[in-house]
Each structure stands twice: as C-alpha cells, then as structure tokens.
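Residue-level structure breakdown
Each chain is listed here by its residues.
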Amino acid sequence: MSQAKKPKQADQSAKVRVYLVLRDGFDANDYDGVHYYRSTGDDGEPSLVPVKAFATRKAANEYARQLDADIRSTFPIPLLAEEERQADTKPFAVALVAKLKELGIPPIKFGKDEYEHPKQFREWWSKHAKDMSAAQKAALWEPFEGMTFHRVQAVELED
Amino acid sequence: MAKPATHFVVERFNWRRTGHPPTFHRLPGFTRIQSFNTADEAEAFCLAEERKARAVVNPFAGTLAPPTDQTELPEYALTDWYMDHDIDPPKPDKKTGLRDWAKWWEKNAPTWTPEQSERAWEPLHRVRFYRVTERPKVPVGYALVRVNWGYNDEWYYPGPEGGTVFTVYRNREKALKECKDHNEIATDVWDENAHEYGYEPAGANQFELNDRVLPGRSPFEPPPTPERTEPDEDGDPLDTFAAHEVPFWEVIEIELEGIG
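Per chain, residues are indexed from 1 in the order of the written sequence. The order in which chains are written sets their letters, starting at A; the order in which ligands are written sets their numbers, starting at 1. The predicted origin of the model limits local features to residues at a pLDDT of at least 70 and limits the giving and counting of side-chain atom pairs to 80 or more, whereas totals for whole chains, interfaces and linings rest on all residues. Working from all heavy atoms in the structure, the side-chain values ignore hydrogens and water.

Examining the side chain of B:Arg16
- A run of H or I in DSSP becomes a helix once it reaches four residues, and a run of E becomes a strand once it reaches two; helices and strands are each numbered from the N terminus. As for its placement among the helices and strands, B:Arg16 is situated in strand S1 (residues 6-18).
- Between buried and exposed lies partly exposed: a residue is buried under 20% and exposed over 50% of the maximum accessible area for its type, with that area taken using a 1.4 Å probe on protein chains only. Of the residues examined, B:Arg16 reaches a relative accessible area of 1% and is grouped as buried.
- Two N or O atoms form a polar contact when they lie within 3.5 Å of each other; inside protein one atom must be a possible hydrogen donor and the other a possible acceptor, and for residues adjacent in sequence the pair counts only when both atoms belong to side chains. At 2.9 Å, the side chain of B:Arg16 forms a polar contact with the backbone oxygen of A:Phe26.

Next up, the structure:
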C-alpha cells in the first residue's frame, strides 16, 4: 500500500501558529474593602483577554513578563492579593510580616483566622499607604512574586 | 536603516462600572481604542474621552487609601490646594480625624461649575482613563472569543471580560462573520435553555450583563438597558436581558507583532 503523503489541504496551508499573550480577567468586589479577583465560569474555566500575538513563544513570554511588571508597579498589592490563590495561606502572612520588619514598616497584626488575613491586609494598607515610599510599596510585592497576571497560549492564525 | 513607520495608539485603562449605585474601578489591563497618524490627533481624542470619563467617575470611590491613590500630594497639601482654588475640601471626622474623600466628592461634585470640576481633577494625577503611545505600525488580527457564562440559580451572568479564545483571524470580515454565526447558534440554544430551566416566567429575560463592557462601548456611557420594559412579577423594572440582546461570542482586535 502506498505510503505517499496526503497533499496538504488548502485551509491548513493558510494557518500559522502564533503565540498569544492573554491577561486574566478580573472583577472588583467592594465587600470588606475593595479587592479584585479572577473570575471563572461555572465549569471553572478562566476568562482571559487576548492582548497581543507574537511569532515566537520567547517574544510572547517576554511581553507577558513586562505587562506583569507594569501591574506590580501600578496596583497596590492588597487589591490583588486574592483570597483563594495567594492570601489565604500561612506563608503569605509569614512572608509579609518578615518583609515589613525588614523594611522597618509598622507591622500587621494578623488574627488567628487565615481567611481574615486579606481583609486585615487591606485595612492595614488603608492606614499606612500614605507613609510608605514607592520603593517600599514595590518591595512588598516580593512575597508575591509567584503571582502572575498574563499567560501565553499557542493558537492558529487564520487568513 | 530606515526607522519603522509609527502611529499613535489610544488605549483605555481597564475601568469598570460595578454595583448599584455604580462605583468605577480601574482593574489591570487596557483596551486598544483607536490609532492616529499624528500625536496631536491622538491627544485631542484622548482629552475628549478623558473628559467624558471625569464627568461620571468619583475618583476617590472604590479605592483603598484615598487620597494617596489619587495624588502624590500629602493630604494636608491637597486640602490646601483645594482651598487655594476656591473649593472647600472635606473636613476631618470629629471622632476619627479621617476625611471621607469619596463622600465629599459625591456630595459636592454635582454642585461645581465646569471650571471648578476641571480644577478639582487637576491635582489627581494618579487617576487616568486613557493613554497615548507611539508604536510601530504592525498588522492587526481579530481574536474570536467565547464569553464564559455562569448561572447563579436565578439567572445567567457573563465573565467580567474576555472569555475563551478559539482562533485569531487576519481578516476582520471573516472573524465578524464567524462571530455572528456562532452568536446565532448560541442565542437559539440559550434561549431554549432559558425558557425550559429559567427562574423567570418563560419568555422573560434571563441574562444579566453586570459590569461587562460590550464591544465598541465604553464603561463611562450609561449601561445598556433591555428592550423589554414591562416590570417583572414583583413589579420591579427588569434589568436582565433576553438571549438575543447579549453576546455569547465576541471579536477582540489585537496587534500581531513580528508576524508578516
């Protein structure tokens, strides 16, 4: 039996693989102090916003990294220290307390209940943000450096 | 080597109207709005849009640490600045000593003259709605995105922005045609589901748009209203929509960098 390759179909030849930078979709919640959270549908699928496409994954990753850095330099960290993924864990509180001590900033008195920590962080921020320098605010992102806001997805570019 | 041709792109920061009465929040991200050949044209467009936003947004509401979030001036300097410009700043609360900037704006802004309003915004450099960036001219593509809808046991609600990306097209018309076809199918399916399983009486609106900004719209415009205007079974006005009035698929324009 012939092993000849099938001819490439016309619609396939028109497709090119590109690397799409996507931003996580966020929503705002004013309850217990304003904060932002990632939104998912009923099936847990995240809502993502396409931002820009690149020819290579490397270029897309670099752009995503830049956009993440822009967010860190623009937004107060307590707005984005969302409960489920980052803030509702002991390491979050421990790392943050240590960082505040290192920076010589007044401490946060976190309660026993971990689910209250994000709210306590927001309340603390409301009182102390005015006394912190831009460099100190930037340094407070360090315990959250694993938090990213953009991702890269390979997609077909069609004519 | 010749400098690549550039143009001036106006982008809107990711402001969103939330809640009743509405508060405006700036969330991470931005949206490409329009491009111009000259900086002057882009700046003029940007200024006009910025003014529309300023007319409806309370800059102190929905933020964690006003007025630090709004200005680089310390609070005492901001209050002095307002007094020097014939605007009475908020007074500190007798018990707490704190000033409620959001409440002050809400109460006083509607009484200001256009000149006072302009002055009131002047020191608030950290509150911006649009920006202009000069960028190389690159081709654009059109991402076909499925909106992710959820159900809250009473009605359906969309993800706040974006969704799931399926394909990116070079051709705008093709992307819009695919989007239209997908929307028509989805409308039929969801309409059927809403009638069969929906909480509202059959035929009533089942889809809430919440704070989602629809394609081509701005968060600073009045939100869309449903076509159906009769009240619901409790006599309240409907603020939910029928399936044919909401998006299930959208097209989002993006730049294609380094892609010939």
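Here we look at the sheet that holds strand S1 (residues 16-24) of chain A
- One closed barrel holds the six strands; their spatial order is S1(A)-S4(A)-S8(B)-S4(B)-S7(B)-S5(A), and the pairing between them is mixed. The sheet shows a mean angle of 35° between the axes of neighbouring strands, direction not considered.
- Strands pair, by our definition, only if DSSP identifies at least two bridges between them. One ladder, built from five bridges, connects strand S4 (residues 140-146) of chain B with strand S7 (residues 164-169) of chain B; its direction is antiparallel. Opposite B:Tyr142, over in S7(B), you have B:Tyr169 as the bridge partner.
- Here a residue-residue contact requires only that any non-hydrogen atoms of the pair lie within 4.5 Å. Working convention: axes come from line fits to C-alpha atoms, limited for helices to the stretch in contact. Angles between N-to-C directions cover 0 to 180 degrees. With respect to the sheet, helix H2 (residues 57-74) of chain A is in contact with S1, strand S4 (48-54) and strand S5 (150-158) of chain A, its orientation differing from that of S5(A) by roughly 140°.

Overview of the sheet that holds S1(B)
All names here are of chain B.
- The strand order across the open sheet formed by three strands is S2-S1-S3, and the pairing between neighbours is antiparallel. The sheet is open, and its two edges are formed by strand S2 (23-36) and strand S3 (130-136), each paired on a single side. On average, each strand axis in the sheet is inclined to that of its neighbour by 30°, with strand direction left out of account.
- Where helix H1 (residues 39-56) meets the sheet, its contacts fall on S1, S2 and S3, and the angle it forms with S3 comes to roughly 155°.

Examining the pairing of S1(A)
All names here are of chain A.
- Extensive coverage of S1 is indicated by the burial of seven of its nine residues.
- Relative to S5, S1 runs antiparallel, the two sharing eight bridges. Residue pairing in the sheet places Arg 23 in a bridge with His 150 of S5.
- Sheet analysis places S1 next to S4, joined by six bridges and oriented antiparallel. Residue pairing in the sheet places Tyr 19 in a bridge with Phe 54 of S4.

A few points about the domain arrangement of chain B
All names here are of chain B.
- Residue ranges labeled as domains rest on an automatic or database domain assignment. Taken domain by domain, chain B comprises domain 1 (6-132) and domain 2 (141-255).
- Here the C-alpha centroids of domain 1 and domain 2 sit 30 Å apart.
- The partner domain 2 presents 13 residues to the 15 residues of domain 1 that form the contact.
- Taken over both partners, the interface formed by domain 1 and domain 2 buries close to 1200 Å², and the fraction arising from carbon and sulfur atoms is 49%.
- The three residues of domain 1 that bury the most area against domain 2 are Arg 16, Arg 17 and Arg 32, which together make up 51% of that side's buried surface.
- Salt-bridge contacts for Arg 32 lead to Glu 253; the nearest nitrogen and oxygen are separated by 2.5 Å.
- At the junction of domain 1 with domain 2, the criterion picks out six residue pairs in polar contact (both at pLDDT 80 or more).
- Counting residues per element, the ones that place at least two in the side of domain 1 that touches domain 2 are S1, S2 and H1.
- Sorting elements by how many residues they give to the side of domain 1 that touches domain 2 places S1 first, with seven residues.
- Grouping the amino acids of the side of domain 1 that touches domain 2 by side-chain chemistry returns eight nonpolar, two polar and five charged. When two components associate, each loses some accessible surface as probed by a 1.4 Å sphere; the sum of these losses over both components is called the buried area. Note on definitions: salt bridges are taken to be side-chain nitrogens of Lys or Arg within 4 Å of carboxyl oxygens of Asp or Glu. The residue classification treats Ala, Val, Leu, Ile, Met, Phe, Trp, Tyr, Cys and Pro as nonpolar and Asp, Glu, Lys and Arg as charged. All others, Gly included, are polar.

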